[in-house]
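Structural overview for review
One letter stands for each residue in the lines below.
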Amino acid sequence: MPSKFVFAAGVARRLKRLGVASGVLLGAGAIALMPLTNAQALEKVRLLTRFGGWPDLTVAELDEFANTSRPPQNVKRLINLVAFFTDVDEASAHEYLTSETPVNREYLLEASYTPVGERFYRLASNAMTVTEDPDRTWIYLRDAMLAASDEEVASAIELIREIDANTLEIDTEKLKETSEQIERDEEIVNFLKMAFPEIQ
């Protein structure tokens, strides 16, 4: 839901089309109507690959890249590695990270607390783990999505900023499988199309 989710190239494009990258990696009800505040802001994103772990990316590094379009060394190394296998470059990585997608906020608030909404966030959490509280990762993703879309647009960097935890671990080996599961679930696809009306 990349950065790490965004840098997962073809998978990232698929997730972005479905709305995950704009907010899934990562919903409504009484809790959602209360102010959402971060007691603890996300500090780093950890990437797991078939080649082993990648040095943690800090949110400060991702913020710098989002704000300046110039990737810090750690981010640049990751982009260069991904570029060997895909068409991702600095410009497209920056676009994945920062592009804003309009959100049907009212629908998202309501639908995120339905069985379909919960199923979406639980599926997204198969590839993403809040290391301090793994079993509740899907709740962190849901709450971050709601907070990130507060102004009726959402982006991957806003989603990352709103995760109320210290470390988000992304398993790139599971991203493709997770995105394919999401694509096969017609109810989830309809949920995403309603929540993100400009997604094709």
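Rules behind the numbers
- Residues numbered from 1 in each chain as written.
- Predicted model: local features only at pLDDT ≥ 70, side-chain atom pairs only at ≥ 80, totals over all residues.
- Heavy atoms only, no water.
- Helix = DSSP H or I, 4+ residues; strand = E, 2+ residues; numbered from the N terminus.
- Buried < 20%, exposed > 50% of the residue type's maximum accessible area, 1.4 Å probe, protein only.
- Areas by Shrake-Rupley, 256 points an atom, 1.4 Å probe, with all protein chains shown as cover.
- Arc of directions from axis to C-beta.
- Contact = heavy atoms within 4.5 Å.
- Salt bridge = Lys/Arg side-chain N within 4 Å of Asp/Glu carboxyl O.
- pLDDT = per-residue confidence, 0-100.
- Core = buried A, V, L, I, M, F, W, Y, C linked by side-chain atoms within 4.5 Å.
- Pairing = 2+ DSSP bridges.
- Axes fitted to C-alpha atoms, helices over the stretch in contact; angles between N-to-C directions.
- Parallel < 35°, antiparallel > 145°, perpendicular 65-115°, else oblique.
- Nonpolar A, V, L, I, M, F, W, Y, C, P; charged D, E, K, R; others polar.
- Phe/Tyr/Trp six-rings, centres within 6.5 Å; stacked < 30°, edge-to-face > 60°.

1. Focus on the overall build of the chain
What the chain contains, in helices and strands, is 11 helices and six strands. Here the chain holds 200 residues, and 51% of them are scored as buried. Counting only carbon and sulfur atoms, one obtains 48% of the accessible surface of the chain, whose full area is about 9300 Å².

2. Notes on helix H7 (residues 115-124)
Here H7 has its buried residues at Val-116, Gly-117, Phe-120, Tyr-121, Leu-123 and Ala-124. Along the axis of H7, the buried positions cluster into a sector of 160°, meaning they face one direction only. On the buried face of H7, the contacting elements are helix H6 (105-111), strand S4 (128-130), helix H8 (137-148), helix H10 (172-184) and helix H11 (186-195).

3. Some thoughts on the pattern of salt bridges
According to the stated counting rule, one finds nine salt bridges in the structure shown. We note a salt bridge from Arg-119 to Glu-187, for which the minimum N-O separation is 2.7 Å. Pair noted here: Arg-119 is in helix H7 and Glu-187 is in helix H11, with a separation of 68 residues, a long-range link. Residue class for Arg-119 comes out partly exposed when judged on its relative accessible area of 30%. Across the salt bridge formed by Asp-133 and Arg-136, the nearest N and O atoms sit 3.2 Å from each other.

4. Considerations on the confidence of the model for the chain
Averaged over the chain, the pLDDT score is 75; the fraction of residues at 70 or greater is 74%. The secondary-structure element of the chain with the lowest mean pLDDT is helix H2 (residues 30-33), recorded at 22, while H6 shows the highest, at 95. A low-confidence stretch, residues 1-40 stays under pLDDT 50, and its non-local contacts, those more than four residues away or across chains, total 140 contacts.

5. What about the nonpolar core?
Residues Leu-108, Phe-120, Tyr-121, Phe-191 and Phe-196 are the most contacted members of the largest nonpolar core, which totals 51 residues. At eight residues, the largest contribution of residues to this core is made by H8.

6. Focus: helix H3 (residues 59-68)
Along H3, the residues that are buried comprise Val-59, Glu-61, Leu-62, Phe-65 and Ala-66. Angularly, the buried residues of H3 cover 160° about the axis, an arc narrow enough to put them on a single face. In H3, the exposed positions angled more than 90 degrees off the buried face are occupied by Ala-60 and Asn-67. Positive backbone phi, approximately 70°, marks Ser-69, located one or two places after H3.

7. A word on the pairing of strand S6 (residues 167-171)
Of all the five residues making up S6, four are buried; the element is thus mostly covered by neighbouring parts of the structure. With three bridges connecting them, S4 and S6 associate as antiparallel partners. When the sheet's bridge partners are listed, Met-128 is paired in S6 with Ile-170.

8. Comments concerning the packing of H3 against helix H4 (residues 73-83)
Between H3 and H4, the shortest axis-to-axis distance is 9 Å and the interhelical angle comes to 75°. Judged on the interaxial angle alone, H4 and H3 are roughly perpendicular. Contact residues: H3 offers Glu-61, Leu-62 and Phe-65, while H4 offers Asn-74, Val-75 and Ile-79. When grouped by side-chain class, the residues that make up the contact of H3 with H4 number four nonpolar, one polar and one charged.

9. Description of the packing of aromatic side chains
With the rule as written, the count across this model stands at four aromatic pairs. Put simply, the rings of Tyr-107, Phe-120, Tyr-121 and Phe-191 touch in pairs and so form one group of aromatic residues.

10. Focus on the side chain of Thr-137
The topology assignment puts Thr-137 in helix H8. Owing to a relative accessible area of 1%, Thr-137 belongs among the buried residues under this scheme. With near-sequence residues (within four places) excluded, Thr-137 lies in contact with Ser-125, Met-128, Thr-129 and Val-130.

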